[in-house]
Amino acid sequence: MAEPTATRPRVVLLTLTYKLPDRVQSYISDLTGAGVRVDLLVTERRTVEDIELDEELVKVHHVFEDSEMYGYPLRWVERRVLFDVPTKVFTKTREVTRNGERMQVLDKTALKVRQGQAAVSQGVHHGLFWPVFQRARPLLLMSRARKALRGIDVAGADRIVAADSAVVPLAWRLAKRYPHIQATTALDRKPWVK
């Protein structure tokens, strides 16, 4: 006879990566296989889009309803300025310069300028913007995640698991608020999975 849903153990699993790692997927699979209910907090819908989850045992909560990029105006502006606008400008330029022999020199020049601009944009994104944003992201996500946590009954959970480093500050705050619940960064399957 199946155990009633109300008495099944429950884990609140927090992960704010863009793609659910295999080790986390395996952890969820093992827990649900043992009948453990899982409240899964993820960044956005795409995080779990291609993953099969037991809908009866896994309840997914999203920090952002759409993409995280649209949740932060700074990321949206950075994407537009460094990538989208230059791509549109150079695409239109090449449409004009591609036709005719006289435009061939301009076309080659536009292509070289585009390659240089793309390298500079990638350099700014990976060398300047992303390292700074990565450091600030956990704090930004923590404030956004609080709203998503309202839909989770954390007080009734048996364990809080922080599955990645970005969510450790949030798990730490939950552990302070609910000291009777075990909070960990370990994907420990005990005592539910033999």
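See the structure shown above.
(A) How the structure looks around the sheet that holds strand S1 (residues 10-14). Spatial ordering of the open sheet is given by S3-S2-S1-S4-S5, a layout of five strands whose pairing is parallel. Two strands lie at the open edges of the sheet, namely strand S3 (58-62) and strand S5 (182-184), each paired on one side alone. Looking at each pair of strands side by side, their axes are set apart by 15 degrees on average, direction ignored. Seen against the sheet, helix H5 (residues 168-177) touches S1, strand S2 (37-42), strand S4 (159-162) and S5 and runs at an angle of roughly 160 degrees to S4.

(B) Quick look at unusual backbone geometry. In this model, Lys190 is joined to Pro191 through a cis peptide bond whose omega is 5 degrees. Along the chain, Pro191 falls in the segment after S5.

(C) Fine view of helix H4 (residues 104-149). The first and last C-alpha atoms of H4 sit only 58 Å apart over 46 residues, clearly below the 68 Å expected at 1.5 Å per residue. The largest bend along H4 reaches roughly 45 degrees and is located at Ala136, with the proline Pro138 sitting one to four residues downstream.

(D) How the structure looks around the nonpolar core. One finds Leu14, Leu41, Leu149, Val154 and Leu170 to be the most contacted residues of the largest nonpolar core, which totals 22 residues. Of all the secondary structure elements, the ones that give two or more residues to this core are S1, H4, S4 and H5. Examining the composition of this core, we find that five residues originate from one element, H4, more than from any other. Leu13, Val38, Ile51 and Leu187 belong to the second-largest nonpolar core, a separate cluster that totals 18 residues.

(E) Expanded view of the packing of H4 against H5. Relative orientation of the contacting elements H4 and H5 amounts to 50 degrees, with a least axis distance of 9 Å. Compared by their axis directions, H4 and H5 come out oblique. The hand of the H4/H5 crossing is right-handed. Facing Pro138, Met142, Ala145, Arg146 and Leu149 of H4, the residues of H5 in contact are Pro169, Leu170, Arg173 and Leu174. In terms of residue class, the contact of H4 with H5 is built from seven nonpolar, no polar and two charged.

Analysis parameters
- Residues numbered from 1 in each chain as written.
- Predicted model: local features only at pLDDT ≥ 70, side-chain atom pairs only at ≥ 80, totals over all residues.
- Heavy atoms only, no water.
- Pairing = 2+ DSSP bridges.
- Helix = DSSP H or I, 4+ residues; strand = E, 2+ residues; numbered from the N terminus.
- Axes fitted to C-alpha atoms, helices over the stretch in contact; angles between N-to-C directions.
- Contact = heavy atoms within 4.5 Å.
- Expected span 1.5 Å × (residues − 1).
- Bend = angle between axes of the 7 residues up to and from the residue.
- Core = buried A, V, L, I, M, F, W, Y, C linked by side-chain atoms within 4.5 Å.
- Buried < 20%, exposed > 50% of the residue type's maximum accessible area, 1.4 Å probe, protein only.
- Parallel < 35°, antiparallel > 145°, perpendicular 65-115°, else oblique.
- Left-handed = near helix turned anticlockwise from the far one by under 90°.
- Nonpolar A, V, L, I, M, F, W, Y, C, P; charged D, E, K, R; others polar.

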